[in-house]
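# Working through the structure, step by step
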Amino acid sequence: FLAPMFLIGIAYVLCTGWRPHMLLLPWLVFTSVGVSLIHDSGGYIRYTATLPALVILIAVGIQVLLTLLIPRTMDTERRALIRVLSVLGVILCLFQAIYYFGPHLTHFNQQIRAKNAYDAQDVVFRMAHYPVGSKAYVFAGDIEDEKYLNGALGYLIDNSSYAIRLYAPEDINRDFLNTIVLQERIFIFLPPDIDKKSLFVLHRFFFLDGPTFSPYDSVPKDKQLMMYEIIDYRR
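Let me begin by describing the structure that accompanies this report. (Residues numbered from 1 in each chain as written. Predicted model: local features only at pLDDT ≥ 70, side-chain atom pairs only at ≥ 80, totals over all residues. Heavy atoms only, no water.)

### Overview of the pairing of strand β1 (residues 135-139)
- When you tally the buried positions in β1, you get four out of five residues, the bulk of the element.
- When β1 meets strand β3 (residues 186-190), the two strands line up parallel, connected through four bridges. Across the sheet, Tyr 137 pairs through a bridge with Ile 188, a residue of β3. (Buried < 20%, exposed > 50% of the residue type's maximum accessible area, 1.4 Å probe, protein only. Helix = DSSP H or I, 4+ residues; strand = E, 2+ residues; numbered from the N terminus. Pairing = 2+ DSSP bridges.)

As structure tokens, this is what we get:
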């Protein structure tokens, strides 16, 4: 809904020559360049720097459009313009909120979950039910950014420790399993099609409780990981 106003704002800034509002364009360009150098460039840090410039350009676009439609030659027309701007602002905010929390998030949820073989978000929500200090070893490959998953878990349970660790199924071997210390509750997440040899090695090392699957109906069956809890060592 706001993209046309944003483009009108950019066109107005480009066509009016050198004025203070010309700084809005370098603001957006240099911020984009800077954010592209950040490792996690898709994070929330970009919003803090770019949103003010975006909102100002949208406001410029709305004012330019209404000025063209309603000439401001008389006081009554100015007052009318202010009223129209106010009503339009409320309507745009309302429709933008409906769009964002409705179709946008629905499509985003489908899109971001479809790109990975398994649903890493589901691991986060399942681990949030367990005490702080619990750890998850996920042997499903690079299904999501590990830092992001731990940040999301820390937000849910106020836990800043690195509780979720991602590994490839091939990492299930005697040397690696010997490094697991059972000081807290330890959970292992595995793909349903994990090879029998890896599963056999795990059962040789540990007493396992499980498997269990996601309690959330919104997670497709083919995106779920099996979860085991390590009860004790066998050796």
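### Topic: empty space enclosed by the protein
- For the structure on display, the rule yields one cavity of 30 Å³ or more.
- The calculated volume of the largest cavity comes to roughly 60 Å³.
- For the largest cavity, the full set of lining residues is Ile 112, Arg 113, Asn 116, Tyr 118, Asp 119, Ala 120, Gln 121 and Glu 144.
- At the level of elements, α4 (75-114) and α5 (120-127) are the ones that each hand at least two residues to the lining of the largest cavity.
- In terms of residue class, the lining of the largest cavity is built from three nonpolar, two polar and three charged. (1 Å grid on protein atoms, 1.4 Å probe; cavity = no way out; pocket = protein on both sides within 12 Å on 5 of 7 lines; lining within 4 Å. Points joined across faces, edges and corners; volume = space filled by probe spheres on them. Nonpolar A, V, L, I, M, F, W, Y, C, P; charged D, E, K, R; others polar.)

### Structural notes on the packing of α5 against helix α6 (residues 146-157)
- Running from amino to carboxyl end, α5 crosses α6 at an angle of 30°, the nearest separation of the two axes being 9 Å. Taken together, α5 and α6 sit at an angle that is classed as roughly parallel. Where α5 crosses over α6, the handedness of that crossing is right-handed. Across the interface between the two elements, Ala 120, Gln 121, Val 124, Phe 125 and Met 127 of α5 pack against Tyr 148, Leu 149, Ala 152, Leu 153 and Leu 156 of α6. (Axes fitted to C-alpha atoms, helices over the stretch in contact; angles between N-to-C directions. Parallel < 35°, antiparallel > 145°, perpendicular 65-115°, else oblique. Left-handed = near helix turned anticlockwise from the far one by under 90°. Contact = heavy atoms within 4.5 Å.)

### Observations regarding the nonpolar core
- Within the largest apolar cluster, 20 residues are counted, with the highest numbers of intra-cluster contacts made by Val 138, Ile 143, Ile 164, Phe 189 and Leu 225.
- Among the secondary structure elements, those contributing two or more residues to this core are α5, β1, α6, β2 (164-167) and β3.
- Leave out the neighbours within four places in its chain, and Ile 143 touches Asn 116, Tyr 118, Ala 120, Val 138, Leu 166 and Leu 225.
- Membership of the second largest hydrophobic core comes to 19 residues, among which are Tyr 167, Leu 177, Ile 180 and Met 226. (Core = buried A, V, L, I, M, F, W, Y, C linked by side-chain atoms within 4.5 Å.)

### Considering the sheet that holds strand β5 (residues 226-233)
- Here five strands make up an open sheet; going across it, the order is β2-β1-β3-β5-β4 and the pairing mixed. Two strands lie at the open edges of the sheet, namely β2 and β4 (206-212), each paired on one side alone. Strand-to-strand, the axes of this sheet are offset by a mean angle of 25°, without reference to chain direction.
- Both β1 and β2 contribute to a ladder of four bridges, which runs parallel. Pairing of Val 138 across the sheet is with Leu 166, part of β2.

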